[in-house]
Amino acid sequence: MGFLFEDDNFSLFRDGFLQTIELSALSALLALLLGTLLAAFRVSPVPVLRAFGTAWVTLFRNTPLTLLFFAVEFGLPPLGVHFSHLVFGVLALGGYTASFVCEVIRSGINTVPLGQAEAARSLGMTFGQTLTLVVLPQAARTVLAPLSSVFIALPRNSAIAGAFSVGELYSVQQTFSERGYAIFAIFFWVACAYLVISAAVATLFRVLESRLAVAR
Amino acid sequence: MAENPVEDSTPAAAPLVVLSGVNKHYGALHVLQDIDLEIVQGEVVVLIGPSGSGKSTLCRTINRLEPIDSGAITLDGRPLPAEGRELARLRAEVGMVFQSFNLFAHKTVLENVVIGQVKVRKVARPEAEKTARELLERVGVGAQADKYPAQLSGGQQQRVAIARALAMKPKVMLFDEPTSALDPEMVNEVLEVMRQLAADGMTMVVVTHEMGFARSAANRVLFMADGRIVEQNTPDAFFTAPRSDRAKDFLSKILHH
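Below or above, wherever it landed, is the structure these notes cover. (Residues numbered from 1 in each chain as written. Chains lettered and ligands numbered in written order. Predicted model: local features only at pLDDT ≥ 70, side-chain atom pairs only at ≥ 80, totals over all residues. Heavy atoms only, no water.)

1. Let's talk about the pairing of strand β8 (residues 203–207) of chain B
Remark: a regular strand shows side chains that alternate across the two faces of the sheet. Residue and element names in this part refer to chain B. With five of five residues buried, β8 is to be regarded as a mostly interior element. The alternating pattern of β8 places T203, V205 and V207 and M204 and V206 on opposite faces, both of which are buried. Of the strand pairs in this sheet, strand β3 (residues 44–48) and β8 are connected by four bridges, and their pairing is parallel. Each bridged residue has a counterpart across the sheet, and for V45 the counterpart in β8 is V205. Where strand β7 (residues 172–176) and β8 come together, five bridges link them in parallel fashion. Looking across to β8, one finds that L174 is bridged to V205. (Buried < 20%, exposed > 50% of the residue type's maximum accessible area, 1.4 Å probe, protein only. Helix = DSSP H or I, 4+ residues; strand = E, 2+ residues; numbered from the N terminus. Pairing = 2+ DSSP bridges.)

Have a look at this one:
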């Protein structure tokens, strides 16, 4: 266990930890924004948008995440799209998680009684206003618990980015293994780091839930 | 109870709401069949009839919450636009009160009445709040302004819903069975607000089972059955001497207990 505090091991571990947090946070932000937009598409009255939302969810939710990383890392550069490995990682992970976020939010939208949207429309609100002012705020509460599951899974999924040249927590494990440290000790510390992140996400959502529960 | 004089001749003005040749199907069910209807400014039209006769559907077509299959509906001379911003703008001119109130559950009573003015009519917030408080006062729930809808009784909620619709300064108000979900002791407080509104000259379309309201506040009663307007008349004439067998049958069932 003590190897972590030898040589430059701790700074390597810390950098990996921070990189995982950065990758996860950016992906989560992308997933939340894109997922909400996709959910809006899926309930919109415009057929083209509905089809786009459905296609996105079908494609991204049903493709193994490793394949998506492959597609982004090796498919985009030939098309003239060049970003850092981190940004490519965020695109793959964010796009993938967005499909799950979309479905969670859509199910939340469906729990809001139809009459709420009808009342909003009868006041002359547009589709966008009806969704953002009336439906989504009421869907938010039911959506929090399943969303927390999605966002706890996200940092753990981010480990795949380690195989695509992002220097995050899981790739740090590979470096330590190559240096010949005991495998159990390495995994112990890596697991601890993921646990800290997951626990932080879970706590955040618990706080949000209690906040929103009051505003009723 | 204020007895409105029943006018046989409605004021000579261009009709505010016109439905011509309106048809609508739910699958195989023909819910509205060749409906022709003109409603003039200031008129109170009450729709009655057995359940499933199409009266709620008819009411909801007027602000296009229910799209129609064929025919035309015009409001103040303008045809109802297709879904989109144009329709949203037109809906703001038509107040709607629902059977199940449909107050925004996550907003306070005051906010329910403010939101449409601010977001749709683009009224400045202080002015919108002033209007909202006046309207809440007018329907008798001024003291409840800062509560959430779930903290109010059904009758209070429905009166807030009426205030919310009035805040948009609509040209016509639609009431879709506004008292059907209320406990009996709360029906009158809502009807009283509606009677007052009718007396103030608001153009109203009311779907209801409250025959007392129809008698006292309506200018015209439409009796619907099987998707058609079977009979229309002044309330006095309709309730004392219905002409069609369907109406006679309906009235005998509801008035004899």
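2. Structural notes on the pairing of β3 of chain B
Across the five residues that make up β3 of chain B, a large majority, five, are buried. Side-chain alternation along β3 of chain B places V44, V46 and I48 of chain B on one buried face and V45 and L47 of chain B on a second face that is also buried.

3. Some remarks on the side chain of E43 of chain B
All names here are of chain B. Position of E43 among the secondary structure elements: in the loop between β2 (29–40) and β3. Assessed through its relative accessible area of 4%, E43 is described here as buried. Engagement of the side chain of E43 in a polar contact is seen with the backbone nitrogen of V40, the distance being 3.0 Å. (Polar contact = N/O pair within 3.5 Å; in protein donor to acceptor, adjacent residues only side chain to side chain.)

4. As for unusual backbone geometry
Residues and elements named next belong to chain B. With a phi angle near 50°, K169 is a residue other than glycine that sits in the positive phi range. Its identity as a non-glycine residue notwithstanding, D226 has a phi of 50°, on the positive side. Note on placement: D226 falls in the loop between β9 (220–225) and β10 (228–233).

5. A few points about the nonpolar core
All names here are of chain B. If you look at the biggest cluster of nonpolar residues, it comprises 53 residues, and the most contacted ones within it are I48, L136, I162, M173, F175, M194 and M204. By residue number, the principal contributor to this core is helix α6 (residues 184–199), which donates eight residues. Dropping the residues within four chain positions of it, L136 is found in contact with V109, L110, V113, V141, G142, A145, V160 and A163. (Core = buried A, V, L, I, M, F, W, Y, C linked by side-chain atoms within 4.5 Å. Contact = heavy atoms within 4.5 Å.)

6. Remarks on the interface of chain A and chain B
On the chain B side, the residues contacting the 17 residues of chain A number 25 residues. Carbon and sulfur atoms supply 61% of the area buried between chain A and chain B, which totals about 1,900 Å² over both sides. When residues of chain A are sorted by the area they lose upon contact with chain B, R121, S122 and L123 of chain A head the list and together hold 31% of the total. At the boundary of chain A and chain B, one finds one salt bridge. Between E118 of chain A and R60 of chain B there is a salt bridge, with the nearest N and O atoms lying 2.6 Å from each other. (Buried area = accessible area lost by both parts, 1.4 Å probe. Salt bridge = Lys/Arg side-chain N within 4 Å of Asp/Glu carboxyl O.)

7. As for the packing of helix α1 (residues 9–43) of chain A against helix α7 (residues 169–178) of chain A
Residue and element names in this part refer to chain A. Running from N to C, α1 and α7 point in directions that differ by 155°, and their axes come no closer than 7 Å. With respect to their mutual orientation, α1 and α7 come out roughly antiparallel. For the pair α1 and α7, contact is made by N9, L12, F13, G16, F17 and T20 and by L169, V172, T175 and F176, respectively. Within the contact of α1 with α7, the residues separate by chemical class into six nonpolar, four polar and no charged. (Axes fitted to C-alpha atoms, helices over the stretch in contact; angles between N-to-C directions. Parallel < 35°, antiparallel > 145°, perpendicular 65-115°, else oblique. Nonpolar A, V, L, I, M, F, W, Y, C, P; charged D, E, K, R; others polar.)

8. Describing the sheet that holds β10 of chain B
Residues and elements named next belong to chain B. The strand order across the open sheet built from six strands is β6-β7-β8-β3-β9-β10, with neighbouring strands paired in mixed fashion. With one partner strand each, in any of the chains shown, β6 (94–97) and β10 form the two edges of the open sheet. The sheet shows a mean angle of 20° between the axes of neighbouring strands, taken without regard to direction. Those strands touched by helix α5 (residues 154–166) are β6 and β7, and its axis lies near 170° from that of β6. Packed on one face of the sheet, α6 meets β3, β7 and β8 and runs near 145° to β8.

9. Observations concerning the sheet that holds strand β5 (residues 78–79) of chain B
Residue and element names in this part refer to chain B. One open sheet accounts for four strands, arranged β2-β1-β4-β5; its pairing is antiparallel. The sheet is open, and its two edges are formed by β2 and β5, each paired on a single side. The pairing of strand β1 (residues 15–26) with β2 spans eight bridges and is classified as antiparallel. Residue pairing for β2: H25 is matched across the bridge by H30.

10. Looking at empty space enclosed by the protein
Counted under the stated rule, the structure contains one cavity of 30 Å³ or more. For the largest cavity, the calculated volume is near 40 Å³. Lining the largest cavity we find S122 and L123 of chain A together with R91, A92, V94, G95, M96, A161, R164, A165 and M168 of chain B. Taken together, the elements giving at least two residues each to the lining of the largest cavity come down to β6 and α5 of chain B. Looking at the lining of the largest cavity, its residues break down into seven nonpolar, two polar and two charged. (1 Å grid on protein atoms, 1.4 Å probe; cavity = no way out; pocket = protein on both sides within 12 Å on 5 of 7 lines; lining within 4 Å. Points joined across faces, edges and corners; volume = space filled by probe spheres on them.)

11. A closer look at helix α9 (residues 245–255) of chain B
Residues and elements named next belong to chain B. Looking at α9, one finds that the buried residues are A247, F250 and L251. An end-on view of α9 places all buried positions within 95° of arc, on one side of the element. More than 90 degrees from the buried face of α9, the exposed residues found are D245 and K253. Elements in contact with the buried residues of α9: β3, α7 (211–217), β9, β10 and α8 (235–240). (Arc of directions from axis to C-beta.)

12. Observations regarding the packing of helix α4 (residues 125–138) of chain B against α5 of chain B
All names here are of chain B. Two numbers describe how α4 lies on α5: the axes approach to 9 Å, and their chain directions differ by 140°. The angle between α4 and α5 places the two elements in the oblique class. Of the two elements, α4 crosses α5, and the hand of that crossing is right-handed. For the pair α4 and α5, the contacting residues are L135, L136 and R138 in the first and V160, A163 and L166 in the second. Tallied by class, the residues present in the contact of α4 with α5 amount to five nonpolar, no polar and one charged. (Left-handed = near helix turned anticlockwise from the far one by under 90°.)

13. Quick notes on a nonpolar patch on the surface
All names here are of chain A. Together, M1, Y170, I183, F184, F187 and F188 line one region of the surface with nonpolar side chains, adding up to about 590 Å² of accessible area. With four residues, helix α8 (residues 183–214) is the single largest residue contributor to the nonpolar patch. Counting through the fold element by element, F187 comes out in helix α8. (Patch = residues over 30% accessible without salt bridge, like charges linked within 9 Å, V, L, I, M, F, W, Y side chains within 5 Å. Areas by Shrake-Rupley, 256 points an atom, 1.4 Å probe, with all protein chains shown as cover.)

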